[in-house]
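# Breakdown of the fold
Here is what each chain is made of, one letter per residue.
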Amino acid sequence: MSGELDRREFLRAAGLTVAAASLGPRISSLFGGSSAEAEAARGLPGGSILDLPAKSSPVDHVVVLMMENRSFDHYFGWLRTDAKYLDYGKSNYGRRFYVEGDQTQAFRDEHGKRERTYYLPGKKDEPNPYRGCGHPDPGHGWDAGRAQRDRGFLGKGSGNDEYALGYYNAVDVPLYEKLVRRFTTFDRYHCSLLGPTFPNREYMHSAQSGEMKSNDFPSGPDGFEWEAIWDRLAAANVPAAYYFVDLPAIALWGSRMVPYARHLEHFFADCAAGTLPNVTFVDPGFTTDLRTDDHPHADMRVGQRFVFNVFKAFAMSPHWNSGAFFINYDEWGGFFDHVRPPVLHDNRRSRNDQNNWGQAGFRTPTLMASPYARPGYVDHRLYDHTSILRFIEWRFLGAPAEGPGGGKWYLTQRDRHANNIGRSLMASKPNPEIELDTLPQVPVSSPPCEGEELQGLPVPDLEPSPFEQALHDGFFERVGFKIDLRPLPYSTDD
């Protein structure tokens, strides 16, 4: 990670404002309100990209951007009653088209009082509805998740107050509104574990957490020893890279991951130059003054701007015509969702609930954008993080399109049995046309919550994130990653 680049200049010039002059002729006026949806629906084939041999797949660049701590109903519940979205879906996919979302729920607290879900920006006494100031970070640990599953999102042991029952509408997630209308979403995509950040990110990269239930660091001298997708891609000579803002999650696997890690400014440069590797992972900023990850108490409007700029760079790149861009969340973050988490295949699946790594978590918001993505489509199949690994393994590592199959392509039984998330990608007749106007202007400067610093890490009365804790403990340096955190103003536009 270069210490020479001025981060403020990077955010202003290289990363977060992509020059409109670089638009190619295939891209129209980006994200406006023209006929892009109708155009995308013309000639929609019935086939799937998975019906093709993997080597013949038109998708050869995969980008995965993993954000933090939001649930499907909390962010996407509004889709269930959005007349425009439903009418468009029914006209293209049949009268039974639907979205499994629900904003209007009620839960009893540990004293039996019944509380209803509510629109966060509409609550008069909410100090900052976009950050959750004044509320605890909703519970999303191993035990809190099980309490929420069994006793509801305000029940005993949930770790929640009423903030966990808040939701947003389309106007509050303007980028996601545009993407979900134009591309594909998934209403049965669950985080891999009913547990916190690190174990779910470990499943995203390796289809297991090594029996980790919490955000503990690896006990070995050089990170986790078990294989990750990076090891498999390297063995198959598949170009791959991980781009990060401040603290790299793949450092959990130690120094062997250093060659894959690049700072985010290189992502924007590689997109513009058309030199992205075939497999790309992108992570947001996790620390206070760089935070763009959507995790409370970050401002979720800043998260929208961050995702927009990362997606826009890829959509404007030469890779877009052969690309698939996934946006997912590591876990639900304690926010309400009405779909009970399933139990999935896993090497460590157990009848003992406290030791059952087959227990998936609640649903998270997930989007798939590609010229081959069905417009305004909802995929109802069951997925988790390893379903994206399964798509990568099919495309590049010899995995069968579906089913457990044989061979040594899989990492664990979880990805071996996972449904391939590429199923709903079309086999032909792509539509690369997208509209990518700048987002509606929303404030991205936000006052800190009480007891929080903007320059540097949180003060002691706020619990640090696992990434910040790893920084405090010197973990990243121990495994060979050089970290350079320069103070930045909170606004990504500064």
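Keep in mind that this is a model prediction, so the values were computed, not measured. (Residues numbered from 1 in each chain as written. Predicted model: local features only at pLDDT ≥ 70, side-chain atom pairs only at ≥ 80, totals over all residues. Heavy atoms only, no water.)

## A short note on the overall build of the chain
- Scanning the chain from N- to C-terminus turns up 14 helices and 12 strands.
- Scored against the burial criterion, the 494 residues of the chain give a buried share of 62%.
- Intrachain contacts of the chain at a sequence separation of at least 6 include 80% that bridge at least 24 residues.
- For the chain, the accessible area works out to roughly 18,100 Å², and carbon and sulfur atoms hold 50% of it. (Helix = DSSP H or I, 4+ residues; strand = E, 2+ residues; numbered from the N terminus. Buried < 20%, exposed > 50% of the residue type's maximum accessible area, 1.4 Å probe, protein only. Contact = heavy atoms within 4.5 Å. Areas by Shrake-Rupley, 256 points an atom, 1.4 Å probe, with all protein chains shown as cover.)

## Regarding the pairing of strand E7 (residues 240-244)
- Across the 5 residues that make up E7, a large majority, 5, are buried.
- Neither face of E7 is open: one carries Ala240, Tyr242 and Phe244, the other Ala241 and Tyr243, and all of them are buried.
- The pairing of E7 with strand E8 (residues 261-263) spans 3 bridges and is classified as parallel. Paired with Phe244 across the strands is His263, a residue of E8. (Pairing = 2+ DSSP bridges.)

## Topic: the side chain of Thr412
- Note on placement: Thr412 falls in the loop between helix H11 (385-396) and helix H12 (413-417).
- Here Arg414 takes part through its backbone nitrogen, which lies 3.1 Å from a polar atom of the side chain of Thr412.
- Ignoring any residue separated from it by four or fewer positions in sequence, one finds Thr412 in contact with Ser206, Ala207, Gln208 and Asn347. (Polar contact = N/O pair within 3.5 Å; in protein donor to acceptor, adjacent residues only side chain to side chain.)

## A word on helix H4 (residues 83-93)
- Every buried residue of H4 is listed here: Tyr85, Leu86, Tyr88 and Gly89. One side of H4 holds all its buried residues, which, seen down the axis, span an arc of 165°. Within H4, the exposed residues directed more than 90 degrees away from the buried face are Lys84 and Ser91.
- Gly94 sits one or two residues past H4 and shows a positive phi near 105°. (Arc of directions from axis to C-beta.)

## Notes on the packing of aromatic side chains
- As enumerated under the stated definition, the model contains 38 aromatic pairs in all.
- Here the aromatic rings of Phe76 and Tyr176 are separated by 6.0 Å at their centres, their planes lie at 85°, and the arrangement is edge-to-face. With Phe76 in helix H3 (residues 72-76) and Tyr176 in helix H6 (residues 174-182), the pair connects residues that are 100 residues apart, well separated along the chain.
- Relative to Tyr168, the ring of Tyr130 lies with its centre 6.4 Å away and its plane at 15°, an arrangement referred to as stacked. (Phe/Tyr/Trp six-rings, centres within 6.5 Å; stacked < 30°, edge-to-face > 60°.)

## Quick word on the sheet that holds E7
- Strand order in the open sheet made by the 8 strands is E8-E7-E9-E1-E10-E11-E6-E12, with mixed pairing throughout. Among the strands making up the open sheet, the edge pair consists of E8 and strand E12 (377-379). Pairwise comparison of adjacent strand axes, ignoring direction, gives a mean angle of 25° for this sheet.
- Note that strand E6 (residues 184-186) and E12 share 3 bridges and pair parallel. What sits directly across from Thr185, in E12, is Val378.
- Packed on one face of the sheet, helix H10 (residues 300-315) meets strand E1 (61-67), strand E9 (279-282), strand E10 (323-329) and strand E11 (367-369) and runs near 175° to E1. (Axes fitted to C-alpha atoms, helices over the stretch in contact; angles between N-to-C directions.)

## Brief notes about the packing of helix H7 (residues 197-206) against H11
- The interhelical angle for the contact between H7 and H11, taken along N-to-C directions, is 15°, at an axis separation of 8 Å. Taken together, the axis directions place H7 and H11 in an arrangement best described as roughly parallel. In this structure, H7 meets H11 at a crossing whose hand is right-handed. Judged by residue contacts, Asn200, Tyr203, Met204, His205 and Ser206 of H7 engage His385, Thr386, Ile388 and Leu389 from H11.
- Taken together, the residues of the contact of H7 with H11 sort by class into 4 nonpolar, 5 polar and no charged. (Parallel < 35°, antiparallel > 145°, perpendicular 65-115°, else oblique. Left-handed = near helix turned anticlockwise from the far one by under 90°. Nonpolar A, V, L, I, M, F, W, Y, C, P; charged D, E, K, R; others polar.)

## Regarding the packing of H6 against H10
- Interhelical geometry of H6 versus H10 gives an angle of 45° and a closest axis separation of 8 Å. For the element pair H6 / H10, the angle class is oblique. Taking contact as the criterion, the partners of Pro174, Leu175, Tyr176 and Leu179 in H6 are, on H10, Gln304, Val307, Phe308 and Phe311.
- When its residues are assigned to classes, the contact of H6 with H10 shows 7 nonpolar, 1 polar and no charged.

## What to know about the nonpolar core
- Tyr176, Trp230 and Phe267 are the most contacted members of the largest nonpolar core, which totals 125 residues.
- Sort the elements by how many residues they give to this core and H10 lands first, with 9 residues. (Core = buried A, V, L, I, M, F, W, Y, C linked by side-chain atoms within 4.5 Å.)

## Remarks on the pattern of salt bridges
- What the rule picks out here adds up to 25 salt bridges.
- Salt-bridge contacts for Glu211 lead to Arg348; the nearest nitrogen and oxygen are separated by 3.3 Å. Here Glu211 is found in the loop between H7 and helix H8 (229-235), whereas its partner Arg348 is found in the loop between E10 and E11, with 137 residues between them in sequence.
- Residue classification places Arg348 among the partly exposed positions, given a relative accessible area of 26%.
- The shortest N-O distance in the salt bridge between Arg381 and Glu402 comes to 2.8 Å. Pair noted here: Arg381 is in the loop between E12 and H11 and Glu402 is in the loop between H11 and H12, with a separation of 21 residues, a long-range link.
- Given a relative accessible area of 26%, Glu402 falls into the partly exposed group. (Salt bridge = Lys/Arg side-chain N within 4 Å of Asp/Glu carboxyl O.)

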